[in-house]
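Coordinate inspection notes
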Amino acid sequence: MNATIATSIFGVFMVATVGLGLLAVRGRRTGAGESSPKGSLAEWSVGGRSLGTVLIWVLMAGEGYTSFSYLGAAGWGYNYGAPVLYVVAYMSCGYAVGYVVGPMLWAYARRHGLVGITDMVAHRYGRPWLGAAVAVMVTVFLLPYIQLQITGMGVVVSTISYGAISLNWAYFIGFAVTTGFVVVSGLRGSAWVSVLKDVLVVGTLAFLVVYVPLHYFDGYGDFLDRVVREKGEWLTLPGSGNSPYGQAWFATTTFLNALTVVIFPTTVAGYLGARSADGLRRNAVLLPAYNILLFVPMLLGMAALFVVPGLTGAGSNLALFKLVVDSLPAWVVGLLGVAAALSSIVPMAVFMLVIGTMWGRSVLSMLPALRAPARQKRASQTVVVVAGALALVMTYAAPNTLVRLSLISYEGMAQLLPMLLLGLVWRRLTLVGAVSGLVVGVAIVCGLVFTEHDPVFGVNAGIVALAANLAVALAVSYAGPVDQDSRPDGEVLARDPADGDPADPADPADPDAPGALSPAPGDAPAAGRR
C-alpha cells in the first residue's frame, strides 16, 4: 500500500511535469524586440533570449540544486563531514565571478547571434572546426554529469517505491521522462518546471530540517551535542577516516569550481536565455541565498550516522532517504521523491539540451545537408536522445558515486578556461597557444583521474592540469607568430555591456532569423553577419 501511494503521487507529478513543459511551449508568444522566432533553434535552446529575472533565477538555482544535493551531499556528509562544504563555498564564489562574466558572455553572444560556448570559441578564433572539436570534448565531460542525474533519479524512484521498482527500471524511467520533456519543451520548459521544483524543494527541506532532529533526537541541542562528542572528526578537515580531502584540496577545489561554473555550458545557457544583462547581475546577487538550502542535506547526512549506521560505498548516497522512508507517511515520502526527482530532471534536461545544441550548431552543421536552421534544430533534438541513451548505458555499465562524477566533469570543463575566458579578453592568445594548452590540460586531467591520483599531493588534480594548460597557452602564444586575423577587437573580444559593448539588446543578431546565414565549414563564422 505504501509503495502504491508513493509511486502514484510520483507518477502524477511526472505527468504534470511533461504537461507543464508542453504548456510552456504552447503559451510562447514572440513579442516585439525578441530575437528568436517561435520554433527556432535559439527559441528551443536559449528560450528565445527572453527569460526574465524570475525564470532565470529559478532556472540557474535549479542547476545548482540537483539530485547530488539530495543524495551526494548527504552521502558526503555521512562519509566525511566537513569536506562537503566545498559545494557551498564554490557556488557562492562562482556567483560573484558570474556577476562579471555573465553579462560579458551574454552581450558577446547576442551581438554575434551565438547560442553556446562552442559558438563562442568558433567565432573568437575564426575556425568552425574548433567549435566542433570543443563540442566533442565537452560532451565527453558532460555525459558523466547526465549519468549522475540518471543515477540520482533512479535511486530516488527505487527508494520511494519501497523497492517495488527495481533500480534498473528506475534508471530507465529517469531517462525516458527527461528525454521526452527536453525534446519537446527546450530551455523555456525547464525554466517553468524549475518553479514547481523550487516550491517542492523549499517545502520538503524546511519540513525535514525540523522533523528529523525532533523525531530522532531531543531537538538540535541533543543532536549537535552528540555530533561534537561522538563524531567530532566529521566537523574539521579532512573529515572522517582516511579522507584525502584536506585544506589544500578544499581551497583548490573551491577556486577551480568557482571559475569553472561560470563557463559550464548549462550556466552559459542560462546566461544566454536572459532578457538583459541587468537581470543576470541581479541573479548573481540573489542566488547565494539559495545555498542556505544546501546545509540541510549535509546536516541530515550527519544525523543519519546515528540512525542508520554502517552505510558504505554508493549506499551512503541513500543516507537522507533512509532517515525518512520508514518513519513518514507514504504520501510525504512521495512528495520528497518528487522534489528529489525534479532536482534531477531540470539540470539533466539542460545538460542534454546543451549537448544537442552544440552538436546541431557546431558539429552536424558542417554537413551541407544539415546547415539550414530548421534542420539544425531537428538534428539537435536527435542528439539529445542519443546523448541520454549513452548516459543511460554508462549508468548500467559503469556506475560510480555521485560526487566523483561531479568532480570529473568540473575538472575536465575547467580546461576550457584559458581558451574561452582568457581568449575573449586578450587578443594576443593565439589559436595554436589555446589549443596546445587545452590538449595538455585535458591529458593531465585524464591521466591523474584515471590512474586514481586525484587529489595529487592533496591538491585538486584539475587545478594542476589548469596551471599547466595556462603555462603552455601563454608560452606558445608568446613564442609563436601572432594570429593573422583582420577583424577589429570589437568583433573578436567581449566586454561587459555596462562598459560600452555595442550589442543592441533590442535588435540582436540571430542565426535562426529569416534570411540569416549559417557558417559554412571553412568560413569565418558570424563576423559581419548581422
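In short, a report on the structure. For every chain, the first residue of the written sequence is number 1, and numbering continues from 1 along that sequence. Selection of residues for local features in this predicted model requires a pLDDT of at least 70, selection of side-chain atom pairs for listing and counting requires 80 or more, and totals for whole chains, interfaces and linings are taken over all residues. Side-chain descriptors were evaluated using all non-hydrogen atoms of the structure, hydrogens and water having been removed beforehand.

**Structural notes on the side chain of Asn291**
Numbering of helices and strands runs from the N terminus; a helix is a DSSP stretch of H or I covering at least four residues, while a strand is a stretch of E covering at least two. By the element assignment, Asn291 lies in the loop between helix 12 (277-286) and helix 13 (295-307). By definition in these notes, contact holds between two residues if any of their heavy atoms fall within 4.5 Å. Residue contacts for Asn291: discarding those within four places in its chain leaves Val88, Met91, Ser92 and Tyr95.

**What to know about the packing of helix 10 (residues 247-260) against helix 20 (residues 461-479)**
Two numbers describe a pair of packed helices, the interaxial angle and the distance between the axes. It is the contact of helix 10 with helix 20, at a shortest axis distance of 8 Å, that shows an interaxial angle of 60 degrees. The orientation of helix 10 relative to helix 20 falls into the category oblique. When the axes of helix 10 and helix 20 are compared, the crossing they make is left-handed. Here helix 10 contributes Thr252, Phe255 and Leu256 to the contact with helix 20, which in turn contributes Gly462, Ile463 and Leu466. Fitting a line to C-alpha atoms yields each axis, with helices limited to the stretch in contact; the angle taken between N-to-C directions then spans 0 to 180 degrees. Here the angle decides the label: under 35 degrees means roughly parallel, over 145 means roughly antiparallel, 65 to 115 means roughly perpendicular, and every other value means oblique. The crossing is said to be left-handed when, going from far helix to near helix, the turn is anticlockwise and less than a right angle, and right-handed when the turn is clockwise.

**Describing the packing of aromatic side chains**
Centre distance and the angle of the planes are the two values used to describe a pair of aromatic rings. Two rings belonging to Phe, Tyr or Trp (six-membered ring only in the last case) form a pair when the distance between their centres is within 6.5 Å. Interplanar angles under 30 degrees mark stacking, angles over 60 mark edge-to-face geometry, and anything in between is tilted. Considering all chains together, one arrives at 22 aromatic pairs under this definition. Ring geometry for Phe217 against Phe306: centres 6.0 Å apart, planes inclined by 90 degrees, an arrangement best described as edge-to-face. Of this pair, Phe217 sits in the loop between helix 8 (167-216) and helix 9 (220-230) while Phe306 sits in helix 13, and the two are 89 residues apart along the sequence. When accessible area is computed with a 1.4 Å probe and restricted to protein chains, residues below 20% of their type maximum are described as buried, those above 50% as exposed, and intermediate ones as partly exposed. Residue classification places Phe306 among the buried residues on the basis of a relative accessible area of 16%. Taken together, the aromatic side chains of Trp76, Tyr80, Tyr86, Tyr90, Tyr145, Tyr245, Trp249, Phe264, Phe351 and Tyr410 make up a single cluster linked through ring pairs.

**Details of helix 10**
Helix span, as expected, comes to 1.5 Å for every residue beyond the first. Its 14 residues give helix 10 an end-to-end C-alpha distance of 20 Å, which sits within 8% of 20 Å, the value for a rise of 1.5 Å per residue. The complete set of buried residues in helix 10 reads Trp249, Phe250, Thr252, Thr253, Thr254, Leu256, Asn257, Ala258 and Thr260.

**Thoughts on the packing of helix 5 (residues 86-112) against helix 12**
Here helix 5 crosses helix 12 at 170 degrees, and the two axes come no closer than 8 Å. As judged from the angle between their axes, helix 5 and helix 12 are roughly antiparallel. The two elements helix 5 and helix 12 meet at a crossing, and its hand is right-handed. Across the interface between the two elements, Tyr95, Tyr99, Gly102, Pro103 and Trp106 of helix 5 pack against Ala277, Leu280, Arg281, Ala284 and Val285 of helix 12. The residue makeup of the contact of helix 5 with helix 12, split by class, is eight nonpolar, one polar and one charged. Three classes are used, and their members are as follows: Ala, Val, Leu, Ile, Met, Phe, Trp, Tyr, Cys and Pro are nonpolar, Asp, Glu, Lys and Arg are charged, and the others, Gly among them, are polar.

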